[in-house]
Amino acid sequence: MKINSDMLGKVLTMGAALLAIVSTIVIIIFISTKGLSTFINTGISVKEFLFSTTWFPDRAVEDGGPQVGVLAFLLGSIIVSLLAVLVSAPLSIACAVFIQEIAPFWGQRLLQPAIEILAGIPSVVYGYIGLSLLAPFIRNNIGGLGFSVLAGFLVLSVMILPTIVSVSTDTLRALPQEWKEASYALGSTRWQAIRLVLLPAARSGLVTGIVLGLARAFGEALAVQMVIGNTRKIPSSILDPVITLTSAITMDMGNTPMGSLWNNALWTMGLLLLLISCCFILIVRFVARRGGITS
Amino acid sequence: MSARLADKVATIVFWACALMVIVILGSMIGYILYHGGKSIDWDFLTKPPQVIQAGGGIGPQIFNSFYLLVLSMLFTIPIGLLGGVYLAEYARNSRLTEIIRLCIETLNSLPSIVVGLFGLLVFVNMTGWGYSLMSGALALTVINLPLMVRFTEEAVQGVPDSLREASVALGANRWQTIIKVVLPCAFPGLVSGAIITSGRVFGEAAALLFTAGMSSPALDFSQWNIFNSSSPLNPFRPAETLAVHIWKVNTEGLIPDLRRVADGSAAVLILIVLGFNLSARWLGRKIYRHMTAT
């Protein structure tokens, strides 16, 4: 009996862990099958899908036939999430350094719990604050409609802040104390120690945090959809409205019949999101393996 | 610039960044609670919403959110717990472990809308359940499983090896050691982890649009037969959660008192999520104190 319970335990826990593999594979297979039907059933080429901005998913054949080029959506996602990271990364890393090096007592007592709370705020609430506070502010004080690239990346940059801060803080905490002490012993100031020793040593962890933040920004759907205006045009200024892959899926998935080209194109956009998020994971693993300064 | 001056400037910049983050956080929460507080009253919390008239509440949405939370945690907690125990106790540095970790990482960073699409395909369409609480709960399980696994792994790894050795020395096998010694010892961490994961479930919306649906049928709270379609407990009925409701009223813009409903709902959502967060810390610490008698 004893041996049996031991075996049973091992099999049960292993089964649960294997479920992670199974669900990942099943998700990839199902989304791919559905997403690839745009190319297989309708004969639209991958190149045309990715690099064309003509989006007439329900145009009649007499008028030139349907076309599904998602470049405008893809560029929208890239612009909004890259800008969000550009704003958020320096601020987040500064916060992590503050928590760990400048004011550990205040940082760990006040700022770290605050960041964790920030991480728990639901994305629709961020979206709603963007919609009811930020967008009108931009419209009245800066210009444009308010629903814009600017509103989108500001909302996202606050949303991804906790992700980057917590990964960066963990990395800084894991650095050996002696390195900092050695740097002080050589006569460097605290800023010199941070800039020349700690940040370079933590480089791979910081990059990991930034890539995870980017991934989160890229995949975020509802908050972005609420504030960017959802106009399918490549924006010429940050006050222009824009559209992203996620916001297009959110808005149209429910209104298009299953199996239609429009609907299939949305699934292909979902597949694109899946592939991009897998790329982010591979980048993170590559960076982690390369490491920063290792002993 | 002299090194000393640069150091001073840098310190000021770091303080400014930290203060800025606190101000952003504080003003956001303050804004939501101030505006929302004005519209929260008993009627608002209990009455069903109105479609085109003013004066609707969010009663069914609050109920749906909690019910969905319970359903999804019924799957997430046992599977996450077992998976986490495997990684912490049994897994060696093998190819298999590497693949499991890679998959958990992948699941963790999948955009929730992609999980929603997967749920639409498999749980909504293939099973024939349609938009339902069950589909939503399973989609949420996919999203939260990685988190629960990680919390469990951390909590279990925090248990000192001397306890395991003592248990094995007394003749217990591995599984008995895990059940009787390791898991009770990791309990405070597990409770905090489960509550934090629950908080995430509560705020999730994108994955639910296509799984649990964006509507709530008229519920009869005196109907406790779970197979009846108007029963609140029927897991195969569509259900709109609070987070989805906030998104829907804002994008549809049909009701005249939109601001009141949206402000109130956002405040309720924030309060509940904050409640989860604070109780996770408090309960974890309390159980820990209780167990270690310090």
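Residues numbered from 1 in each chain as written. Chains lettered and ligands numbered in written order. Predicted model: local features only at pLDDT ≥ 70, side-chain atom pairs only at ≥ 80, totals over all residues. Heavy atoms only, no water.

1. Thoughts on the overall build of chain B
Link 1 in the chain: Helix and strand counts for chain B stand at 11 helices and 0 strands.
Link 2 in the chain: Secondary structure elements of chain B, listed N to C terminal, follow the sequence α-α-α-α-α-α-α-α-α-α-α.
Link 3 in the chain: For chain B, the spread of C-alpha atoms along the three principal axes comes to 70 × 65 × 40 Å.
Link 4 in the chain: Residues classed as buried in chain B amount to 53% of the 294 residues present. (Helix = DSSP H or I, 4+ residues; strand = E, 2+ residues; numbered from the N terminus. Buried < 20%, exposed > 50% of the residue type's maximum accessible area, 1.4 Å probe, protein only.)

2. Here we look at the packing of aromatic side chains
Link 1 in the chain: By the definition in use, this model includes 13 aromatic pairs over all chains.
Link 2 in the chain: Here a set of aromatic residues connected by ring pairs shows up, and it is made of Phe30 of chain A together with Phe118 and Phe123 of chain B. (Phe/Tyr/Trp six-rings, centres within 6.5 Å; stacked < 30°, edge-to-face > 60°.)

3. Section: the UniProt feature "domain: ABC transmembrane type-1" (unreviewed entry) in chain A
Link 1 in the chain: Sites flagged by UniProt as "domain: ABC transmembrane type-1" (unreviewed entry) map to residues 74-284 of chain A.
Link 2 in the chain: The annotated region residues 74-284 of chain A carries 79% helix and 0% strand content, and the separation between its end C-alpha atoms amounts to 22 Å. (UniProt positions renumbered as here; feature names shortened; annotations may be inferred.)

4. Description of the UniProt feature "transmembrane region" (unreviewed entry) in chain A
Residues and elements named next belong to chain A.
Link 1 in the chain: Taking the numbering used here, the UniProt-annotated feature "transmembrane region" (unreviewed entry) corresponds to residues 12-31, 70-98, 110-129, 149-172 and 265-288.
Link 2 in the chain: Measuring from the first to the last C-alpha atom of residues 70-98 gives 42 Å, for a span that is 97% helix and 0% strand.
Link 3 in the chain: Summarising residues 110-129: 90% helix, 0% strand, and an end-to-end C-alpha distance of 23 Å.

5. With respect to the environment of Ile276 of chain A
All names here are of chain A.
Link 1 in the chain: Structurally, Ile276 can be placed in helix α12 (residues 261-290).
Link 2 in the chain: On the accessibility criterion, Ile276 (18% relative accessible area) is buried.
Link 3 in the chain: Through-space distance from the C-alpha of Ile276 to that of Arg289 is 20 Å; in sequence the pair is 13 residues apart.
Link 4 in the chain: When residues no more than four places from it in sequence are discounted, the contact partners of Ile276 are Leu74 and Phe218. (Contact = heavy atoms within 4.5 Å.)

6. Considering the interface of chain B and chain A
Link 1 in the chain: At the junction of the two partners, chain B supplies 73 residues and chain A supplies 75 residues.
Link 2 in the chain: Summing both partners gives a buried area of about 6800 Å² for chain B against chain A, and 80% of it is carried by carbon and sulfur.
Link 3 in the chain: One can count 3 salt bridges joining chain B with chain A.
Link 4 in the chain: Across the pair Glu98 of chain B and Arg285 of chain A runs a salt bridge whose closest N-O atoms are separated by 3.1 Å.
Link 5 in the chain: Counting across the interface, chain B meets chain A through 11 residue pairs in polar contact (both at pLDDT 80 or more). (Buried area = accessible area lost by both parts, 1.4 Å probe. Salt bridge = Lys/Arg side-chain N within 4 Å of Asp/Glu carboxyl O. Polar contact = N/O pair within 3.5 Å; in protein donor to acceptor, adjacent residues only side chain to side chain.)

7. What about empty space enclosed by the protein?
All names here are of chain A.
Link 1 in the chain: Taken as a whole and assessed by the stated rule, the structure comprises 5 cavities of 30 Å³ or more.
Link 2 in the chain: One number sums up the size of the largest cavity: a volume of about 50 Å³.
Link 3 in the chain: Lining the largest cavity, in full, are Ser77, Val80, Ser81, Leu156, Ala217, Phe218, Glu220, Val224, Thr244 and Thr246.
Link 4 in the chain: Within the residue set of the lining of the largest cavity, elements represented by two or more residues are α3 (71-102) and α9 (203-219).
Link 5 in the chain: In terms of residue count, the dominant contributor to the lining of the largest cavity is α3 (3 residues).
Link 6 in the chain: For the lining of the largest cavity, the residue count by class is 5 nonpolar, 4 polar and 1 charged. (1 Å grid on protein atoms, 1.4 Å probe; cavity = no way out; pocket = protein on both sides within 12 Å on 5 of 7 lines; lining within 4 Å. Points joined across faces, edges and corners; volume = space filled by probe spheres on them. Nonpolar A, V, L, I, M, F, W, Y, C, P; charged D, E, K, R; others polar.)

8. Looking at the UniProt feature "transmembrane region" (unreviewed entry) in chain B
Link 1 in the chain: Following the UniProt record, the feature "transmembrane region" (unreviewed entry) maps to residues 12-34, 66-87, 99-123 and 266-284 of chain B here.
Link 2 in the chain: Across residues 66-87 of chain B, the secondary structure splits into 100% helix and 0% strand, with the terminal C-alpha atoms separated by 30 Å.

9. Describing a nonpolar patch on the surface
Link 1 in the chain: Where nonpolar side chains cluster on the molecular surface, the patch consists of Phe105, Trp106 and Leu110 of chain A together with Trp15 and Leu19 of chain B and spans about 560 Å² of accessible area.
Link 2 in the chain: Elements represented by at least two residues in the nonpolar patch include exactly α4 (104-120) of chain A together with α1 (3-39) of chain B.
Link 3 in the chain: Considering every element that reaches the nonpolar patch, the biggest residue donor is α4 of chain A, with 3 residues.
Link 4 in the chain: With respect to the secondary-structure elements, Phe105 of chain A resides in helix α4.
Link 5 in the chain: The exposure class assigned to Phe105 of chain A is exposed, which follows from its relative accessible area of 57%. (Patch = residues over 30% accessible without salt bridge, like charges linked within 9 Å, V, L, I, M, F, W, Y side chains within 5 Å. Areas by Shrake-Rupley, 256 points an atom, 1.4 Å probe, with all protein chains shown as cover.)

10. With respect to the packing of helix α5 (residues 123-141) of chain A against α1 of chain B
Geometry of a packed helix pair, given as the angle between the helix axes and the separation of the axes.
Link 1 in the chain: The interhelical angle for the contact between α5 of chain A and α1 of chain B, taken along N-to-C directions, is 80°, at an axis separation of 11 Å. Judged by the inter-axis angle, α5 of chain A sits roughly perpendicular to α1 of chain B. Along its contact with α5 of chain A, which presents Val125, Tyr126, Tyr128, Ile129, Ser132 and Leu133 of chain A, the element α1 of chain B presents Met28, Tyr31 and Ile32 of chain B. (Axes fitted to C-alpha atoms, helices over the stretch in contact; angles between N-to-C directions. Parallel < 35°, antiparallel > 145°, perpendicular 65-115°, else oblique.)

11. Some points on the UniProt feature "domain: ABC transmembrane type-1" (unreviewed entry) in chain B
Link 1 in the chain: Taken from the UniProt record, the annotation "domain: ABC transmembrane type-1" (unreviewed entry) applies to residues 62-280 of chain B.
Link 2 in the chain: Counted over residues 62-280 of chain B, helix gives 74% and strand 0%. Its end C-alpha atoms are 20 Å apart.

12. Looking at the pattern of salt bridges
Link 1 in the chain: Scanning the entire structure with this criterion turns up 11 salt bridges over all chains.
Link 2 in the chain: The closest approach of N and O atoms between Arg259 of chain B and Asp263 of chain B, which form a salt bridge, is 3.6 Å. Here the residue Arg259 of chain B and the residue Asp263 of chain B both occupy positions in helix α11 (residues 258-292), the gap between them amounting to 4 residues, near one helical turn.
Link 3 in the chain: Judged by its relative accessible area of 39%, Arg259 of chain B is partly exposed.
Link 4 in the chain: You can call Asp263 of chain B buried: its relative accessible area is 6%.
Link 5 in the chain: Through salt bridges with shared partners, a single ionic network connects Arg285 of chain A together with Glu98 and Glu105 of chain B.

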